[in-house]
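Close look at the chain arrangement
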Amino acid sequence: MTGRQGFSGRAAIAGIGMTALSRASGRTELDLAAEASRAALADAARELGEDVRPDAILSYHLGDSAPVLYVARELGLREPGWHNEIYGGGTQSASILADAAMLIDAGLAGTVLIYRALNGRSGKRMNALGLKLGEGTEEQFTHPYGMAGPVHQFALAGQRYLYDTGLGEEHTFAVVSQSRAHAAANPRALRREPLDLQAYLNDPMVASPLRRLDCCQETDGACALVITGADRAPASPRIHAVVRGGGPGASTMDKAEDVTRLFSSYLAPSLYAAAGMKPDHVDVALLYDAYSWLVPRQLEDFGLVPREDLGAVLRARGIAWDGDVPVNPHGGLLSEGYVHGLNNVAEAVRQLRGTGTDGRGAGQVAGASVALCTGFGGSYGSAALLTKPS
């Protein structure tokens, strides 16, 4: 990919909304989706100074959410217009921004509502795989070797990556403890308690090198965004560049030449080419931290930290909100909660607005004008660069 994308800068994220995050919501996914969507629409109305009604609705799911037409009905939208449900989890959290931006740029919609809702702890959970026919059939060939779910699969890749880079427990601890430190200032976060090294080392191992603390939260909740034309929302963060793709790797290990190679290594060059930017333009990174080792892997792939410097940067709190390479000032998926990455995009909007993670300036990255958001699925995924309007 070369050159700027046609939709670059023409769509803005005018509203964000979230429900409370929990481990047992006691509510339906439809109820959660409607609450987050109403909050995002109300937020957009405050930003724009006018009533906001979407004429397009997009969502992504893994058979665990509320259909878009149900949400449209719940919001009182008699003619929802363009609507789509995209099958997928975290890989979609960045690329769905391009779907919305293209609708706006093509004149097919004026305002797009995006939501992700799930009962990821009390309902359908992502931590196990079953033998089946049809979709996912190939899993039966890796399951007998201990690949009982995503944790085991990415533990294997993580073990190799940590060995190759010389990183170890002190570095994965640095990722998780910094995530908890960020979450302490975030009233939405599920895990806000401080973490010391001994407590980390005492934590149960799930699949080496991943302890329970190295894995993202399983969460009930919903997040929503409102996307509209940049001319209508001149003060709102812009969707500048988005890419999606990947290759054989950590999601299909029997076909991979390098099990540690993630989506980020495939997509980083095309993202910067589409944006007309370089790594040093990125002010804050909202990285899909499903597992702790994914943070240094993505820092390396996106050119934010050279491999040889990863250990020193992590030990020195370089990924803190006030560090040299701020990562997930809200606590990310490891500590805030797991809404399949859309909550990370919402934090990018807060950072580019300058409100901080709590709306009152806590964790605000000084001078943040470019935010990187990523969507992880192993060797395939997506990435986006959002910008603050000049």
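Residues numbered from 1 in each chain as written. Predicted model: local features only at pLDDT ≥ 70, side-chain atom pairs only at ≥ 80, totals over all residues. Heavy atoms only, no water.

Let us now look at unusual backbone geometry. Between Ser-208 and Pro-209 the backbone carries a cis peptide bond, its omega angle lying at 10 degrees. For Pro-209, the position within the fold is in the loop between strand 5 (205-207) and strand 6 (210-211). One non-glycine residue, Asn-328, lies in the positive phi region at around 50 degrees. Inspection of the secondary structure assignment puts Asn-328 in the loop between helix 10 (310-315) and helix 11 (332-335). Notably, His-340 is not glycine yet its phi reads approximately 50 degrees, a positive angle. Inspection of the secondary structure puts His-340 in the loop between helix 11 and helix 12 (342-353). Owing to a relative accessible area of 2%, His-340 belongs among the buried residues under this scheme. (Helix = DSSP H or I, 4+ residues; strand = E, 2+ residues; numbered from the N terminus. Buried < 20%, exposed > 50% of the residue type's maximum accessible area, 1.4 Å probe, protein only.)

The volume enclosed by the second largest pocket comes to roughly 160 Å³. Ile-16, Gly-17, Met-18, Ala-39, Asp-43, Arg-46, Arg-350, Arg-353, Thr-355 and Gly-359 are the residues that line the second largest pocket. Residue assignment for the lining of the second largest pocket shows that the elements contributing at least two residues are strand 1 (11-18), helix 1 (29-48) and helix 12. In the lining of the second largest pocket, the residues fall into 3 nonpolar, 3 polar and 4 charged. (1 Å grid on protein atoms, 1.4 Å probe; cavity = no way out; pocket = protein on both sides within 12 Å on 5 of 7 lines; lining within 4 Å. Points joined across faces, edges and corners; volume = space filled by probe spheres on them. Nonpolar A, V, L, I, M, F, W, Y, C, P; charged D, E, K, R; others polar.)

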